[in-house]
Amino acid sequence: MANFQDVAKQFTEFYYNQFDQDRTQLAALYRENSMLTFESASVAGAPGIVEKLTSLPFKQVKHQVATLDAQPSVDGAILILVTGALLVDEEQRPMNYSQVFQLRPDGGSYYIFNDIFKLVFG
């Protein structure tokens, strides 16, 4: 397996580029045992997660990653913490966010087992 820092960086770039372009394509990154908690509301399974992400009340979004920290976890998993800002639609003021991913190995790649997203106000 690749270095966990390299995997975290590559994953984060891919995830946010895909999210910003076409959220429906994120389904391949989740499995039936995956869970998303988005602003304290949890949903499980790839279909439910993608439904939640595609139903968010904005058409355009641009993530700007400020920090990325990663640690190796149990059984080859990787824990990732991202902080940054995002711009939605025509909004001029970015909103700060934090997001945690736990990636689990799956064959020669990884999938998102846990995904927690929170806007940071104040």
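Conventions used here
Residues numbered from 1 in each chain as written. Predicted model: local features only at pLDDT ≥ 70, side-chain atom pairs only at ≥ 80, totals over all residues. Heavy atoms only, no water. Helix = DSSP H or I, 4+ residues; strand = E, 2+ residues; numbered from the N terminus. Rg over C-alpha atoms; globule rule 2.2 N^0.38 Å. Buried < 20%, exposed > 50% of the residue type's maximum accessible area, 1.4 Å probe, protein only. Contact = heavy atoms within 4.5 Å. Areas by Shrake-Rupley, 256 points an atom, 1.4 Å probe, with all protein chains shown as cover. Lys, Arg positive; Asp, Glu negative; His and termini not counted. Charge placed at Lys NZ, Arg CZ, Asp CG, Glu CD. Pairing = 2+ DSSP bridges. Axes fitted to C-alpha atoms, helices over the stretch in contact; angles between N-to-C directions. Polar contact = N/O pair within 3.5 Å; in protein donor to acceptor, adjacent residues only side chain to side chain. Core = buried A, V, L, I, M, F, W, Y, C linked by side-chain atoms within 4.5 Å. Phe/Tyr/Trp six-rings, centres within 6.5 Å; stacked < 30°, edge-to-face > 60°. Lys NZ or Arg CZ within 6 Å of the ring centre and 35° of its normal. Salt bridge = Lys/Arg side-chain N within 4 Å of Asp/Glu carboxyl O.

(A) Geometry of the overall build of the protein chain. A count of helical and extended segments in the protein chain gives 2 helices and 6 strands. Here the C-alpha atoms of the protein chain give a radius of gyration of 14 Å, agreeing with the 14 Å that 2.2 N^0.38 yields for 122 residues. Taking the principal axes of its C-alpha atoms as reference, the protein chain extends roughly 40 × 30 × 25 Å. Counting across all 122 residues of the protein chain, residues that qualify as buried make up 37%. Restricting to contacts in the protein chain with at least 6 residues of sequence separation, those with at least 24 account for 47%. When the accessible surface of the protein chain is split by element, carbon and sulfur atoms take 53% of a total near 7,000 Å². Here the protein chain contributes 9 positively and 14 negatively charged side chains, and the mean placements of these two sets differ by 3 Å.

(B) Representation of the sheet that holds strand S2 (residues 41-44). The strand order across the open sheet formed by 6 strands is S2-S1-S6-S5-S4-S3, and the pairing between neighbours is mixed. Every interior strand has two partners, whereas the edge strands, S2 and strand S3 (61-72), have only one. For this sheet, the mean angle separating the axes of adjacent strands, direction not counted, is 15 degrees. Sitting on the sheet, helix H1 (residues 4-21) is in contact with strand S1 (30-38), S3, strand S4 (78-88), strand S5 (95-106) and strand S6 (109-120), with an inclination near 160 degrees to S3.

(C) Spatial organisation of the side chain of His63. Among the structural elements, His63 can be located in strand S3. Reaching out from His63, the side chain makes a polar contact with the side chain of Asp20 at a distance of 2.6 Å. Residues in contact with His63, not counting those within four places in the same chain, are Tyr16, Phe19, Asp20, Ala85, Leu86 and Tyr97.

(D) How the structure looks around the nonpolar core. With 30 residues, the main nonpolar core has Tyr15, Tyr30, Leu53, Ile80, Phe101 and Leu103 as its most contacted residues. Listed by contribution, the elements that provide at least two residues to this core are H1, S1, helix H2 (46-54), S3, S4, S5 and S6. In contact with Ile80, not counting residues within four places along its chain, are Ala8, Phe11, Thr12, Leu68, Asp69, Ala70, Gln99, Val100, Phe101 and Leu103.

(E) Broad picture of the packing of aromatic side chains. Applying the stated criterion across every chain, the model contains 9 aromatic pairs. Considering the side-chain rings of Phe11 and Tyr15, the 5.7 Å spacing of their centres and the 35 degrees angle between planes classify their relative orientation as tilted. Of the two residues, Phe11 and Tyr15 are both situated in helix H1; the distance of 4 residues between them amounts to about one turn of the helix. Linked through ring pairs, Phe11, Tyr15, Tyr16, Phe19, Phe38, Tyr97, Phe101 and Phe117 together constitute an aromatic cluster. Above the plane of the ring of Phe113 lies Arg104, whose end atom (NZ or CZ) is 4.5 Å from the centre.

(F) The arrangement of the pattern of salt bridges in detail. As enumerated under the stated definition, the model contains 3 salt bridges in all. Two residues, Arg31 and Asp106, come together in a salt bridge whose shortest N-O distance is 2.7 Å. On the criterion of sequence distance, the pair formed by Arg31 in strand S1 and Asp106 in strand S5 is long-range, its members being 75 residues apart. Using a relative accessible area of 27% as the deciding quantity, one classes Arg31 as partly exposed. For Arg93, the salt bridge is made with Glu91, and the minimal N-O distance between the two is 3.2 Å. The exposure class assigned to Glu91 is partly exposed, which follows from its relative accessible area of 33%.

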